[in-house]
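One letter stands for each residue in the lines below.
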Amino acid sequence: AQTVTQSQPEMSVQEAETVTLSCTYDTSENNYYLFWYKQPPSRQMILVIRQEAYKQQNATENRFSVNFQKAAKSFSLKISDSQLGDTAMYFCAFMKSFNRDDKIIFGKGTRLHILP
Amino acid sequence: DVKVTQSSRYLVKRTGEKVFLECVQDMDHENMFWYRQDPGLGLRLIYFSYDVKMKEKGDIPEGYSVSREKKERFSLILESASTNQTSMYLCASSFLGGRAATNEKLFFGSGTQLSVL
């Protein structure tokens, strides 16, 4: 069975700094999808970034980028020039496919505080 | 924009009450999900549905049931609420696999914080 591990329950950084959130996963699949979701204090989860395992290039979305190391089964999220609005819970997630029987699996989350 | 609406943001119920949590999505998504979120445990899947009147158990279905009579609505039912069901409940929806797969993601509601006293 697939598992997703986020080893940092909580982190704090100063505004404008760069922060990296760790995520490792375990799977025997070769093709799959990885996600980072953000849950701000408003509670509505939103997708930050996604990565397809078959793509070697790391995904980027503005200030957010990932370091995808397939062999190491690592999928870290880097937030550059952090802003107060980045304060949130961040969840790493894995999905084997979008077929009916495959469900998304979430890590336990990392609570990130951006300090003014 | 896709909207997933959960009927209540906060709910307080008594032990033994029957509780209904409602979720409605407006994007004609086939898949709908109910998760429970607890500190230190992340999101755990309770039930999901990939079609009207279809339901599948997730990882922690005990003490819960669901109903999907219409495509846009997915209800979570606590038949007899207990204090260990105090939690944040999140509803989500998505297209079925294979469709718009390159842009596929889950869309979430804002959650219902349920307290069972």
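Up top you'll find the structure we're talking about.
Residues numbered from 1 in each chain as written. Chains lettered and ligands numbered in written order. Predicted model: local features only at pLDDT ≥ 70, side-chain atom pairs only at ≥ 80, totals over all residues. Heavy atoms only, no water.

Here we look at the interface of chain B and chain A
In step 1: Contact residues are listed per partner, giving 29 residues for chain B and 20 residues for chain A.
In step 2: Summing both partners gives a buried area of about 2,000 Å² for chain B against chain A, and 56% of it is carried by carbon and sulfur.
In step 3: On inspection of chain B and its partner chain A, the count reaches zero salt bridges.
In step 4: Viewed at the interface, chain A and chain B are joined by eight residue pairs in polar contact (both at pLDDT 80 or more). (Contact = heavy atoms within 4.5 Å. Buried area = accessible area lost by both parts, 1.4 Å probe. Salt bridge = Lys/Arg side-chain N within 4 Å of Asp/Glu carboxyl O. Polar contact = N/O pair within 3.5 Å; in protein donor to acceptor, adjacent residues only side chain to side chain.)

Points about the side chain of A:Asp86
All names here are of chain A.
In step 1: Residue position: Asp 86 is located in the loop between strand 9 (74–79) and strand 10 (88–95).
In step 2: In this structure Asp 86 comes out as buried when scored by relative accessible area, which is 3%.
In step 3: Leaving out residues up to four positions away in the same chain, Asp 86 has contacts with Lys 38, Arg 63, Phe 64, Ile 79, Leu 112 and Ile 114. (Helix = DSSP H or I, 4+ residues; strand = E, 2+ residues; numbered from the N terminus. Buried < 20%, exposed > 50% of the residue type's maximum accessible area, 1.4 Å probe, protein only.)

What to know about the sheet that holds strand 8 (residues 73–78) of chain B
Residues and elements named next belong to chain B.
In step 1: Read from one edge of the open sheet, four strands run 1-3-8-7, paired in antiparallel fashion. The open sheet is flanked by strand 1 (4–6) and strand 7 (64–70), the only strands paired with a single partner. Each strand axis lies, on average, 20° off the axis of its neighbour in the sheet, ignoring direction.
In step 2: Where strand 1 and strand 3 (residues 19–25) come together, three bridges link them in antiparallel fashion. Among the inter-strand pairings, Val 4 is bridged to a residue of strand 3, identified as Gln 25. (Pairing = 2+ DSSP bridges. Axes fitted to C-alpha atoms, helices over the stretch in contact; angles between N-to-C directions.)

Re the packing of aromatic side chains
In step 1: Applying the stated rule across the entire model yields 15 aromatic pairs over all chains.
In step 2: Measuring from ring centre to ring centre gives 6.4 Å for A:Phe91 and A:Phe106, while their planes differ by 85°; the resulting arrangement is edge-to-face. Here A:Phe106 lies in strand 11 (residues 105–106) and A:Phe91 lies in strand 10, a separation of 15 residues in the sequence. For the residue pair A:Phe91 and A:Phe106, the accessibility class agrees, reading buried in each case.
In step 3: Centre to centre, the rings of A:Phe106 and B:Tyr35 are 5.5 Å apart; their planes meet at 90°, and the pair counts as edge-to-face. Placement of the pair is A:Phe106 in strand 11 and B:Tyr35 in strand 4 (residues 31–38), with the two residues belonging to separate chains. Each member of the pair, A:Phe106 as well as B:Tyr35, is classed as buried.
In step 4: The structure contains a cluster of three or more aromatic residues connected by ring pairs, namely A:Phe35, A:Tyr37, A:Phe91, A:Phe106, B:Phe33, B:Tyr35, B:Phe48 and B:Phe108. (Phe/Tyr/Trp six-rings, centres within 6.5 Å; stacked < 30°, edge-to-face > 60°.)

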